[in-house]
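Each chain, written out:
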Amino acid sequence: MPEVARVSDTRADTRSTQCKTLCLIAIKVLVRVLLFSIVVTCTVFSKLSLISLVSRLNETIDNIHRTNDSEATVHNRAAGFFWQLLFIVLIPQFVTLFRALLFGVCGKQSRLFPWPTLRAIFTGAIASVFEVVAMTTVVFYVLPRLHSIVAILALGGVFGAQAILDCLEWCPCCVRKGYHKVGNGNINFNENEDQTNCLMEDCAEGNTGAWNKFSRIIAMFLQFVSVILLSIYASLLQSGPKDQFLVGCAMTLSLLSLSVVWSSKVQQGSQKMARMTQSSNVTHIRSANTNEKNQEPNVINEKEPILPTARFKANFINAILRIILYPFISYVIFRYVFTNGSIDPWCLHQTCSLTKSFQWKGQELAIFLIQILSSFFGYTFMWISCTMVLHRWGLALPLYLCTPISFAVCAIFQAHQDSSSFYFSKAYSDPVALGVAIVVGAMLWIGQILTMGAFIWKKKNLILAKDAAMFLTPCYDGVFLEQHTMLNRKVTKEEMSRQMVFDDDEPRPRTIFICSTMHMEDRDEMRCLLSSIYQLACHCKEKKNDDHFESHIFLDGGANETQLTYFALQLFSLFEETLHVDALHLEPKVFQRIDTPYGIQLSWEIAEVMPIYVHLKDSTKIKNKKRWSQVMYMNYVLNFRVKENIRNLRNWGVQGERRRATAPYNKEIRMDDDNTFILTTDADIEFTPESATVLLDIIDSDPQVGAACGRIHPKGSGVIYWYQVFEYAIGHWYLKVAEHILGTVLCCPGCFSVFRCSALRSVLDTFSTEVTSAREFLTKDMGEDRWLCTLLVKKGWKLEYCPTSENYTLCPESFDEFFKQRRRWISSTIANLALLITQASKVTKRNENVSILFMIFQGILMFSTAISPATVILVIASGSLLAFNISDSSILAIIIILSLLSIAYGILCLYGNPQQQLDVAKFATFVFAIIMGVVFVGTLKSIIYDFLTVGENYQPCTIKTTITSKCHNSTGFMVPLALTTLFQSLFIVLFTMSGLFHLNEFSSLFYGVWYFLALPSGYLILLIYTAANLNSRSWGTREGSSGAHQGGGFEKIKCLFNGWQKVPSCFNRGTREQKMVEENKQPPASCDAATAMSDDMDEMEQQPLIGLTDEAVENKYSNLVNEAEFKMTYKLKKWLRDNGFPQEYADTLEQHGYFNLNFVAGLQVKELQAIGFKDRGYVLRLERCAQKLAPFNVAINQTLLELSDVGTWLHSIELQGYQRLFKEAGYKTREDLENLKGLKRTDLEKMGIKKRAHIQRLLEGISKLTYLTEDEKRVYQIKSILEKEPDTDQHGEHSYWTKLLDVGKPLRPMAANLNSNRKLDESLRSLRNITIAFLLLINIMWVILLFTLRFPELYKFNLPPNAFELFSVAVYTLIFSVQFCAMIVHRGVTLIHYLASVGSATENCRTLLHMLQTRN
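Residues numbered from 1 in each chain as written. Predicted model: local features only at pLDDT ≥ 70, side-chain atom pairs only at ≥ 80, totals over all residues. Heavy atoms only, no water.

Engineer: When you look at the overall build of the chain in this model, what are you seeing that I'm missing?
Structural biologist: Secondary structure assignment for the chain yields 55 helices and 18 strands. Taken across its 1416 residues, the chain has 55% of its residues classed as buried. Surface summary for the chain: the accessible area is close to 60,500 Å², and the carbon and sulfur share equals 61%. (Helix = DSSP H or I, 4+ residues; strand = E, 2+ residues; numbered from the N terminus. Buried < 20%, exposed > 50% of the residue type's maximum accessible area, 1.4 Å probe, protein only. Areas by Shrake-Rupley, 256 points an atom, 1.4 Å probe, with all protein chains shown as cover.)

What follows is the structure in structure tokens.
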């Protein structure tokens, strides 16, 4: 039945996936059609509107003496057309100037873009002059003199110079000069040869045949012949010899000049950048990319530091020059060449009026606006098409068809000239002339397609690529829109070698290491991760690309010497279910085991394409905790795999032979820091292959991006889960998005993020440092993910957020676990933010994405967090006023009572034990939820009342009426609604709109009601709890109860009430151990070096893992009950003596049955005190040493499957000496094992068992005595399979780990340093006290300011009388509005990215065919 259910669920998931895929394909097809339609429409309208304007201008000039209008009217109309055409050529230059000014000159990243060289500036200036002269000649003289159809065809004659370059720079020339293509499509240059005549697209396309040379010659021939023929044809249509000569020469020379100016060589030469200094902000960011190993020939070299581009600053200079030149040169061309001095467009004479020249009306104004808007939006949507990698539909096809469609539309309009809004010249009366024009235009169009058609069809860029990777210059042209865009697609060699991709190219191979950290997760959590990894492996197998994925799982406490612990076996028992690996019948060809200096490494292969490595850490050999696992895999990937270029560690059996014979294994592909990435995950994460691919696209599209994270969705149930659903939603909708748009994301969670290896290398040394102070402890150990991202931001990297990369993680469902988790998160977040803010000047100088305004924004958010307790109290007070209409004195009383209760809870958190703190927090949360419910009802009632009574029921202005309703004043001006109503209404509207922008997450808004009710818990109680526990070094989640006794402080509170004279003794009890040390009664000896391996108090207080017995223990017990006749397996007395304990401690332990170190392991303070130990110093020390002993785990053991009788069971728990007592009590056979389940402590004592340790061991063994579930059976069945002989290490991993774990290295566990731990504790307590004092002071001051600093004059305007309240409301509104605007911008970018990631048309067709075949 379970298998049937699993199959049905799989089929349901498959059908759901297919439906989703069909919807996405349909949307993608719709987007293709929409982009094609928009771009075609814009380009055609741009061309036709331009031709219509020049035709109207020509008609006006020709009929200047034939019309009945006055001479001034005609002159004004002609001048109006002049200014319209001038604006058509000027507006694109102003757009270019604005973009260059914003991004390259005055923007935060302007320092990334150098100025061009003097030679480049001179080249750009000369080119700009020629462009202005040629453009004004075409617009103000040539086009008006041409027939409309000939003018449309003539615009395609600007490809001559590029056609010549294509012929001269044919690919075989490049090959002979040492210029060639290598495996990943990147370009490798031989610096000893000359590459000046190399054309990039030829090599990228691989065009080495004769057809390519022939096609380029044909294109060049057609371009020049067509331009000459068209010029002759146009000159023959002129009336006089002078006009014939001028039009023919002007047309030929201007089109050739534009083709030269817009050619790739000239544009590249005008943008050549000056050499940057070594202190540039770009150089140091990429300084970690260099590899120590020498580069080999014919191998993909590591990338040089990413060079900036001078395109923005160069075009800034050129745009200014063009803007200055256009008005003057156009004036000269128009007045003295086109009109022969008869019309002055500047109206310097009295024949026309300049103001009347701008009085455009009717069709003329409409056509002008159509031309401006269609040109701008046509270029914009072509840019969007390229970023979405829909260049064929949104750029290539529309540009191919623009001229034919424009030709046809113009012909149709000419046939219906009277009813058309567009005016064109009259239709051809001679069919022969029309035929000649069509033939010459077709030749010109074919030459245009042969020159650039194949290039723009094949060339594509990465998804969301930078503008420099898509277009040569950051500008467009309103006259030659499609021709200029085609030529502008030829990017520079540097950008092309980095980012350009061709359809027939193999994609750039990347290596992705999926690194996951585990600790004590349960089966369901492990199942989520493993299932996601398997889906990704199947995705890679289906796509068959060159990307190489590896999965690495690092399990804390997974090994104990050479044996596997229970959690490791639990993980492997899930392999068959999730990874489809038969772990019970493993063949040596597909499974390997290596014993390493840190523990054990086991490896498998998934779906024949992805290897998975499980690194089992031994806590006595390497440090535990997530940060040290991160340091471990970062060192492993960066300094071993990448540095040594080891792309594949294992090759198994037939699959290995197949892979070695196919791509990418048959190529010598070199890994470097820029094509290697680490995908970090937690053990409970669930993600899809598309989520991982999207993040890789984001980080690979921009070399400045060091990390990228996705949208995290919580999974769970219950009220704590409800709270987190809304919290996660608004956190990603607003905070993450605002960070992404305004600067950089400040935290990429380790649960699911992609990191660039070059970025990690730049911060690895700092990230691996030890904690030396309280602030370092909060920034490093309490939030390792945020600490890592803080280092990346300080180094200059940009971190991005991609909401289309969705993943799901199990969130805390219990109140205690939630509070403990948020205690760590809040303290780490504030500590890292404070670090960035205090170093704002350095960060803004080093990181081009971070500005002072961004740091101020973060400071305001941090300050709002600090005053959140006072804010919550004020919200409750004002809500009570709205609900009960109470007096001002009652409001003050509520504020005082809530403040005192908050202070009382803070005192409890200082001196109460953790459980008491959490219990009180639970009760307070329940009470505050009820109060907030009343506040919610009162607020809702006030909002409804205000909207229903707008303009009615005005009352005299007082404090109460200002907050609760409207009031009138004598000035006549007032705010129509109460400020509270306006503010809350704004929030409701913006939240609703945000939900509409996230339709798939709109249901998250419904959880906002519970979030509002729990507001005091999250922003008042939790903040107090966090501040009061800053000195706690426990992780909080997934750990057993700490061995350290933390409840002593509650007795201090009780002591305070017993008498003030006892106060000093209450607070001096904790120093007894210190006094004993100072008096040298017993010098503290260190625990045995074999067991005392820890780096901080948390690791010293670890609970024993529930695993298998570490070693077989010699059991030489007699069958007697007398304790003296038991043989001691370990030398307890010697161990106590070596660790500095008195002899009486050994006697006391033996009296209570702790005769063996297995019984002593894991003892805690309460148990030691129950035995009779009173000296606090020795008790704490004995507990620490006991925690480090190898634990004896009374857990479900494989021997329980084969228990023959009660004696066998007693032997498994090392108490076989009690066999006779159990036999006398009637417990002997296998059937009697079930009867043991009912035994209690009193029953064991009646049997004659008195020793405390033995009773505890027996009760624990009885509780574990149960029939194994199927999952538990599988855990122990797999044990014998995995305990094979270690395989041979073929790549030197063992030696690498040995070197990494040398004594003194950060990963090596170190013996506990009592003095350093004590100093850290004192530092944490001091920081806690300072933090509490600061929070108390700032919240009290905030409340006082809000109630004392009042201006009664504000009553008159229906505003709060307190300036601080009004200012705070304004600031909060501004911040929220900024976040909302950032969200809107980000949603647009996200939509582009989402649609781009669906796949190409070919891939979609293959998907549809596959779905049809699967269904059949």
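Engineer: Whenever I open this one, the packing of helix H33 (residues 914–948) against helix H37 (residues 1015–1028) confuses me. Can you help?
Structural biologist: For the pair H33 and H37, the least separation of the axes is 9 Å and the interaxial angle reads 150°. One way to sum up the angle between H33 and H37 is to call them roughly antiparallel. Handedness of the H33/H37 crossing: right-handed. Between H33 and H37, the contacting residues are Gln-917, Leu-918, Ala-921, Ala-924, Thr-925, Phe-928 and Met-932 on the first element and Leu-1015, Pro-1016, Ser-1017, Leu-1020, Ile-1021 and Tyr-1025 on the second. A per-class count over the contact of H33 with H37 returns 10 nonpolar, three polar and no charged. (Axes fitted to C-alpha atoms, helices over the stretch in contact; angles between N-to-C directions. Parallel < 35°, antiparallel > 145°, perpendicular 65-115°, else oblique. Left-handed = near helix turned anticlockwise from the far one by under 90°. Contact = heavy atoms within 4.5 Å. Nonpolar A, V, L, I, M, F, W, Y, C, P; charged D, E, K, R; others polar.)

Engineer: Even after reading the chapter, I still don't get unusual backbone geometry, so can you show me in this structure?
Structural biologist: Backbone phi values are negative for most residues with the exception of glycine, while trans is the configuration of most peptide bonds. Within the chain, Val-389 stands out as a residue other than glycine whose phi angle is a positive 55°. Counting through the fold element by element, Val-389 comes out in the loop between helix H13 (362–387) and helix H14 (391–415). Non-glycine residue Lys-625 carries a positive phi angle of around 90°. Accessibility expressed as a relative area gives 18% for Lys-625, which makes it buried.

Engineer: What's the story with the nonpolar core in this structure? I'm lost.
Structural biologist: Where a protein is soluble and globular, its nonpolar side chains tend to be buried together. Core analysis: the largest hydrophobic core is formed by 111 residues, its most contacted members being Leu-799 and Phe-819. Not counting the four nearest positions on each side in its chain, Leu-799 is found in contact with Ala-707, Thr-744, Val-745, Cys-748, Cys-789, Leu-792 and Val-793. Residues Ile-88, Leu-143, Leu-325 and Phe-480 belong to the second largest nonpolar core, which totals 95 residues. (Core = buried A, V, L, I, M, F, W, Y, C linked by side-chain atoms within 4.5 Å.)

Engineer: Looking at this model, I keep getting lost on the sheet that holds strand S5 (residues 511–518). Mind explaining?
Structural biologist: Hydrogen bonds along the backbone pair up the strands of a sheet, which may run parallel or antiparallel. Within the open sheet, the 10 strands sit side by side as S9-S10-S11-S6-S5-S12-S15-S14-S16-S13. Their pairing is mixed. Both edges of this open sheet fall to strand S9 (592–596) and strand S13 (685–687), since each of them pairs with a single strand only. Neighbour-to-neighbour, the strand axes of this sheet turn through a mean angle of 25°, independent of strand direction. Here S13 pairs with strand S16 (residues 798–810) via three bridges, running antiparallel. Residue pairing in the sheet places Phe-687 in a bridge with Asn-807 of S16. Relative to strand S15 (residues 752–756), helix H23 (residues 689–701) is tilted by about 30°, and along the sheet it contacts S5, strand S6 (548–555), strand S12 (676–682), S13, strand S14 (705–715), S15 and S16. (Pairing = 2+ DSSP bridges.)

Engineer: When you look at the packing of aromatic side chains in this model, what are you seeing that I'm missing?
Structural biologist: Each aromatic ring pair is summarised here by two numbers: the centre-to-centre distance and the angle between the ring planes. Inspection of the entire model under this criterion finds 46 aromatic pairs. With 5.4 Å between their ring centres and 80° between their planes, Phe-376 and Phe-377 make a pair best called edge-to-face. For Phe-376, a relative accessible area of 33% translates into the label partly exposed. Ring centres of Tyr-1145 and Tyr-1178 lie 5.6 Å apart, and the angle between their planes is 55°; on these two criteria the pair is classed as tilted. Linking Tyr-1145 in helix H43 (residues 1143–1151) with Tyr-1178 in helix H46 (residues 1176–1187), this pair joins segments that are 33 residues apart in sequence. An aromatic cluster of three or more residues is present, and its members are Tyr-723, Phe-726, Tyr-734, Phe-815, Phe-818, Phe-819, Phe-987, Phe-991, Tyr-1011, Tyr-1019, Tyr-1025 and Phe-1376. The ring of Trp-115 has Lys-313 sitting right over it, with the charged end atom 5.3 Å from the ring centre. (Phe/Tyr/Trp six-rings, centres within 6.5 Å; stacked < 30°, edge-to-face > 60°. Lys NZ or Arg CZ within 6 Å of the ring centre and 35° of its normal.)

Engineer: For this particular structure, what's the right way to read the confidence of the model for the chain?
Structural biologist: Any residue range with low pLDDT should be treated as having predicted coordinates unsuitable for detailed reading. Confidence along the chain averages 75 in pLDDT terms, with 71% of residues attaining 70 or more. Considering only residues more than four positions removed or in separate chains, one finds that residues 492–506, a stretch of pLDDT under 50, has 56 contacts. Counting interchain partners and residues more than four positions distant, the pLDDT-below-50 stretch residues 1195–1201 has 19 contacts. (pLDDT = per-residue confidence, 0-100.)

Engineer: For this particular structure, what's the right way to read the pairing of S15?
Structural biologist: The side chains of a regular strand alternate, residue by residue, between the two faces of the sheet. In terms of burial, S15 is a largely internal element, five of the five residues being buried. Covered by surrounding structure in S15 are Phe-752, Val-754 and Arg-756 together with Ser-753 and Phe-755, the residues of both alternating faces. As defined by bridge partners, S12 adjoins S15 across five bridges and the pair is classed as antiparallel. In the strand pairing of S15, Leu-679 is matched with Val-754. Here S14 runs beside S15; their pairing, made up of three bridges, is antiparallel. Within S15, the position partnered with Cys-709 by the bridge is Ser-753.

Engineer: Just checking my understanding: could you explain the side chain of Thr-676 for this structure?
Structural biologist: Tracing the backbone through its elements, the reader meets Thr-676 in strand S12. Side-chain polar atoms of Thr-676 contact the backbone oxygen of Asp-672, separated by 2.7 Å. A polar atom in the side chain of Thr-676 sits 3.3 Å from the side chain of Asn-675. Sequence-distant contacts of Thr-676, that is, excluding residues within four places in its chain, are made with Thr-511, Phe-513, Val-637, Val-642, Met-671, Phe-755, Arg-756 and Cys-757. (Polar contact = N/O pair within 3.5 Å; in protein donor to acceptor, adjacent residues only side chain to side chain.)

Engineer: Sorry, what's going on with the environment of Ser-55 here?
Structural biologist: Here Ser-55 shows up in helix H1 (residues 2–62). Overall, Ser-55 belongs to the buried group, its relative accessible area being 9%.

Engineer: Teacher, can you tell me more about the pattern of salt bridges here?
Structural biologist: Pairing between side chains becomes possible if they bear opposite charge and their charged atoms approach one another. Going through the model one piece at a time under the given rule, you end up with 28 salt bridges. We note a salt bridge from Glu-727 to Arg-822, for which the minimum N-O separation is 2.5 Å. With Glu-727 in helix H24 (residues 719–742) and Arg-822 in helix H28 (residues 815–838), the pair connects residues that are 95 residues apart, well separated along the chain. Since its relative accessible area comes to 21%, Glu-727 is described here as partly exposed. A residue is classified by how much of its surface remains accessible, and Arg-822, at 5% relative accessible area, is buried. Its salt-bridge partner being Arg-1220, residue Glu-1224 comes within 3.0 Å of it at the nearest N-O pair. Here Arg-1220 and Glu-1224 lie together in helix H48 (residues 1219–1224), a separation of four residues that amounts to about one turn. For Arg-1220, a relative accessible area of 38% translates into the label partly exposed. Several salt bridges converge on common partners, so that one network encompasses Lys-626, Asp-682, Glu-784 and Asp-785. (Salt bridge = Lys/Arg side-chain N within 4 Å of Asp/Glu carboxyl O.)

Engineer: Please clarify how helix H15 (residues 431–458) should be interpreted in this entry.
Structural biologist: Three- or four-residue spacings in an α-helix give side chains the same orientation, since the helix completes a turn every 3.6 residues. Taking 1.5 Å of rise per residue, 28 residues should cover 40 Å, and H15 covers 39 Å from first to last C-alpha, within 8% of that figure. Along H15, the helix axis deviates most sharply at Met-452, where the bend reaches about 45°. Turning to H15, its buried residues number three or more, namely Ala-433, Ala-437, Val-440, Gly-441, Leu-444, Gly-447, Gln-448, Thr-451, Met-452, Gly-453, Phe-455 and Ile-456. (Expected span 1.5 Å × (residues − 1). Bend = angle between axes of the 7 residues up to and from the residue.)

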